[in-house]
Amino acid sequence: MFPKRLTEGYQAFLQGRFPNERSRYQALGETGQSPEILVIGCCDSRVSPEVIFDAGPGELFVIRNVANLVPPCETDSESSYHGTSAAIEFAVNGLKVKHIVVLGHASCGGIRSFYDDAEPLSKLDFIGKWMSQISPVAERLGPSTGDRDADLKRLELAVIEQSLSNLLTFPSIRRRVDAGELQLHGSYFGVATGVLFVRDPATKQFAPCVENPTALKS
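Residues numbered from 1 in each chain as written. Predicted model: local features only at pLDDT ≥ 70, side-chain atom pairs only at ≥ 80, totals over all residues. Heavy atoms only, no water.

Per an unreviewed UniProt entry, the protein goes by Carbonic anhydrase and derives from Bordetella genomosp. 13. UniProt lists a comment for the protein under the heading Catalytic activity (unreviewed entry), and it reads "hydrogencarbonate + H(+) = CO2 + H2O". (UniProt positions renumbered as here; feature names shortened; annotations may be inferred.)

Among the seven residues of strand E3 (residues 99-105), six are classified as buried, and the element is accordingly described as predominantly covered. Pairing geometry for strand E1 (residues 37-42) and E3, over five bridges, is parallel. When the bridges of E3 are listed, Gly41 appears paired with Leu103. (Buried < 20%, exposed > 50% of the residue type's maximum accessible area, 1.4 Å probe, protein only. Helix = DSSP H or I, 4+ residues; strand = E, 2+ residues; numbered from the N terminus. Pairing = 2+ DSSP bridges.)

Pairing is mixed in the open sheet, where six strands are placed in the order E2-E1-E3-E4-E5-E6. Only two strands of the sheet have a single neighbouring strand rather than two, namely strand E2 (60-65) and strand E6 (206-208). Strand-to-strand twist across the sheet, computed as the mean angle between neighbouring axes with direction ignored, equals 25°. Pairing between strand E5 (residues 196-199) and E6: three bridges, direction antiparallel. Counterpart to Val198 in the pairing with E6 is Ala207. On top of the sheet, helix H5 (residues 83-94) reaches E1, E2 and E3; it is set at about 170° to E2, its chief contact. (Axes fitted to C-alpha atoms, helices over the stretch in contact; angles between N-to-C directions. Contact = heavy atoms within 4.5 Å.)

Let us look at the layout of surface pockets. As a volume, the largest pocket reaches approximately 310 Å³. For the largest pocket, the lining is made up of 15 residues, of which Ser113, Phe114, Ala118, Ile127 and Gly128 are closest to its centre. Looking at the lining of the largest pocket, the elements that each hand over two or more residues are helix H6 (109-115) and helix H7 (126-131). With four residues, H6 is the single largest residue contributor to the lining of the largest pocket. In the lining of the largest pocket, the residues fall into seven nonpolar, five polar and three charged. (1 Å grid on protein atoms, 1.4 Å probe; cavity = no way out; pocket = protein on both sides within 12 Å on 5 of 7 lines; lining within 4 Å. Points joined across faces, edges and corners; volume = space filled by probe spheres on them. Nonpolar A, V, L, I, M, F, W, Y, C, P; charged D, E, K, R; others polar.)

It is worth spelling out the pattern of salt bridges at this point. Opposite charge on two side chains permits pairing when their charged atoms draw close. Per the counting criterion, the structure on display carries ten salt bridges. For Glu161, the salt bridge goes to Arg199, with nearest N and O atoms at 2.7 Å. With Glu161 in helix H9 (residues 148-167) and Arg199 in strand E5, the pair connects residues that are 38 residues apart, well separated along the chain. Of the two residues examined, Glu161 and Arg199, each falls in the buried class. The closest approach of N and O atoms between Glu181 and Arg176, which form a salt bridge, is 3.6 Å. It is possible to trace a salt-bridge network through shared partners that takes in Arg17, Glu21 and Arg24. (Salt bridge = Lys/Arg side-chain N within 4 Å of Asp/Glu carboxyl O.)

Here the focus is the pairing of E5. The sheet contact formed by strand E4 (residues 183-189) and E5 spans three bridges and is antiparallel. Following the sheet pairing, Ser187 is matched in E5 by Val198. Hairpin connection from E4 to E5: six residues lie between these consecutive antiparallel strands, with Gly194 at a positive phi of about 80°. Counting the residues that bridge the hairpin from E5 to E6 gives six residues, and of these Lys204 lies at a positive phi of roughly 65°.

With numbering aligned to this structure, UniProt lists the feature "binding site: Zn(2+)" (unreviewed entry) at Cys42, Asp44, His105 and Cys108. Across 67 residues, the annotated set stays spatially compact, with a maximum C-alpha separation of 9.1 Å. Tracing the backbone shows Cys42 in strand E1. Among the secondary structure elements, Cys108 is positioned in the loop between E3 and H6. Given the relative accessible area of 2%, Cys108 is considered buried. Not counting residues within four places of it along the chain, the set of residues in contact with Cys108 comprises Cys42, Ala67 and Glu156.

Given below as structure tokens:
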């Protein structure tokens, strides 16, 4: 049976949001989408970009995977599948987005599993293989600080930095960034606090997106 929660949610959508935005949905259905922003976020259920940025239909093109990772551009055998890279290619070359935002977050389960060297969830260990991409990142960070929470946050932020670097390995992204047609951004969401931190490209430091946020700093 289809989940009751989804049926009830859809009914609420039909009675509320859809009538209020009917013209927008109709235009999107007839003319297609043209979002200017690509958000690459984690598939964690607590970190929905559309909710965090209060976005309406058609405003954001969203890619979500475990730990908001962007793999480096690869052109290997035809038997390989690159879901994240394919979606990036469509957003950059098809939709011509003007901004790419890598959205990391606190309490990331994927990063915690890597940090703890957790046991595989299945024999196939898809998560372990995916998260192995951040091994070089962890190595560059060096020894533990002795504070588990500090180590995890440090790694979460470093993964955002790595994803931004990997985006520039895609020739079309590098070309458009160099031409001033595309901007890359890093951000970090405090799940418990609601505070959004944004990366300063000059200093590579993260600071609250807005001054004096009403939510408590993480």
